[in-house]
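Okay, here's what each chain looks like letter by letter:
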Amino acid sequence: DVKVTQSSRYLVKRTGEKVFLECVQDMDHENMFWYRQDPGLGLRLIYFSYDVKMKEKGDIPEGYSVSREKKERFSLILESASTNQTSMYLCASRISGRGETQYFGPGTRLLVL
Amino acid sequence: GEDVEQSLFLSVREGDSSVINCTYTDSSSTYLYWYKQEPGAGLQLLTYIFSNMDMKQDQRLTVLLNKKDKHLSLRIADTQTGDSAIYFCADMNSGYSTLTFGKGTMLLVSP
């Protein structure tokens, strides 16, 4: 079974703090993704990575950065957290190829005070 | 850009069939997916359909695709209270990399 884990289920941070959200997958998937999920807005893609050290901006990259130093790990970084980044963050991974689906982690619910 | 639309809410009684509808705009969509999200959890793949298919059946789930109208539906037969969740429709872009998700349909199944 594919397993995608996220470092925290719940996180509370203060405005201006630097925040790291970690995602690890154990299936040697090339592609990894970070989404945020907000009520009424669905899932929006923040960043994705095709492979190690590669990254691409998604639909809403502003205020975020990412790091992919190892194939199994994809980190989302909030350089200076703001209250409008309070959200549910979902990580996903997939093997590269036609039609291959994305497998999701359980999510991290982040509250920025 | 690409867009995927779903109705936001559906309420059914246990034992009835549920039909969740989705429309998309990308004419070059290759694969279309249905995901389920239970409270507090990530998304779980339910089923998918390739764009050259009209229908796919998997136990209680039936997916219908009308490519001309860019309309996708998910039918759940004999809906159970455990089917209560948010259902997301998603389409894969022609580059086979990213997914565009709808906003999700909350299905509430009452006893």
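Please refer to the structure higher up on the page.
What counts and what doesn't
Residues numbered from 1 in each chain as written. Chains lettered and ligands numbered in written order. Predicted model: local features only at pLDDT ≥ 70, side-chain atom pairs only at ≥ 80, totals over all residues. Heavy atoms only, no water. Helix = DSSP H or I, 4+ residues; strand = E, 2+ residues; numbered from the N terminus. Buried < 20%, exposed > 50% of the residue type's maximum accessible area, 1.4 Å probe, protein only. Areas by Shrake-Rupley, 256 points an atom, 1.4 Å probe, with all protein chains shown as cover. Lys, Arg positive; Asp, Glu negative; His and termini not counted. Charge placed at Lys NZ, Arg CZ, Asp CG, Glu CD. Pairing = 2+ DSSP bridges. Axes fitted to C-alpha atoms, helices over the stretch in contact; angles between N-to-C directions. Core = buried A, V, L, I, M, F, W, Y, C linked by side-chain atoms within 4.5 Å. Contact = heavy atoms within 4.5 Å. Polar contact = N/O pair within 3.5 Å; in protein donor to acceptor, adjacent residues only side chain to side chain. Disulfide = S-S within 2.5 Å. Buried area = accessible area lost by both parts, 1.4 Å probe. Salt bridge = Lys/Arg side-chain N within 4 Å of Asp/Glu carboxyl O. Nonpolar A, V, L, I, M, F, W, Y, C, P; charged D, E, K, R; others polar.

A. Quick peek at the overall build of chain B. Looking only at helices and strands, chain B features 0 helices and 11 strands. Reading chain B from its N end, one meets helices and strands in the order β-β-β-β-β-β-β-β-β-β-β. For chain B, the spread of C-alpha atoms along the principal axes amounts to about 40 × 30 × 20 Å. When the 111 residues of chain B are sorted by exposure, 45% land in the buried category. As presented, chain B carries roughly 5,200 Å² of accessible surface, and 49% of it is formed by carbon and sulfur atoms. Across chain B, the mean location of the 9 positive side-chain charges is 2 Å away from that of the 13 negative side-chain charges.

B. Layout of the sheet that holds strand β1 (residues 4–6) of chain A. Residues and elements named next belong to chain A. One open sheet holds the 4 strands; their spatial order is β1-β3-β8-β7, and the pairing between them is antiparallel. In this open sheet, the two strands that pair with only one neighbour each are β1 and β7 (65–70). Adjacent strand axes in the sheet meet at a mean angle of 20° when their direction is disregarded. Here 3 bridges tie β1 to strand β3 (residues 19–25), and the two strands are oriented antiparallel to one another. Among the inter-strand pairings, T5 is bridged to a residue of β3, identified as V24.

C. View of the nonpolar core. All names here are of chain A. Counting 20 residues, the largest nonpolar core has W34, I46, L76, L78 and Y89 as its most contacted members. When contributions to this core are tallied by element, the ones reaching two or more residues are β3, β4 (31–38), β5 (42–49), β8 (73–78), β9 (87–94) and β11 (108–112). Here L76 is in contact with V19, F20, L21, W34, I46, Y64, S65, V66 and Y89, once residues within four sequence places are set aside.

D. Highlighting the environment of T79(B). Residue and element names in this part refer to chain B. The topology assignment puts T79 in the loop between β8 (71–76) and β9 (85–92). Residue classification places T79 among the buried residues on the basis of a relative accessible area of 0%. Expressed as a C-alpha distance, the spacing of T79 and S110, which sit 31 residues apart in the sequence, is 9.6 Å. Apart from the residues lying within four places of it in its own chain, the contact partners of T79 are V12, R13, E14, G15, D16, S17, S18, R60, L107 and V109. One polar contact links T79 to S18, side chain to side chain, over a distance of 2.7 Å.

E. Focus on the state of the cysteines. Residue and element names in this part refer to chain A. Across all of its chains, the model carries 2 disulfides over all chains by this definition. Between the sulfur atoms of C23 and its disulfide partner C91 the distance amounts to 1.8 Å. Here the disulfide of C23 and C91 is left-handed, its torsion about the S-S bond being about -75°. Of this pair, C23 sits in strand β3 while C91 is found in strand β9, placing the two residues 68 residues apart along the sequence.

F. Structural context of the interface of chain B and chain A. Taken together, the contact between chain B and chain A spans 19 residues of the former and 22 residues of the latter. Roughly 1,600 Å² is buried in total at the junction of chain B and chain A, and carbon and sulfur atoms are behind 57% of that figure. Across the contact surface, chain B and chain A share 0 salt bridges. One can count 4 residue pairs in polar contact (both at pLDDT 80 or more) joining chain B with chain A. Broken down by secondary-structure element, the contributors of at least two residues to the side of chain B that touches chain A are β4 (31–37), β5 (43–50), β9 and β10 (99–101) of chain B. At 4 residues, the largest contribution of residues to the side of chain B that touches chain A is made by β4(B). Its residues placed into classes, the side of chain B that touches chain A shows 12 nonpolar, 6 polar and 1 charged.

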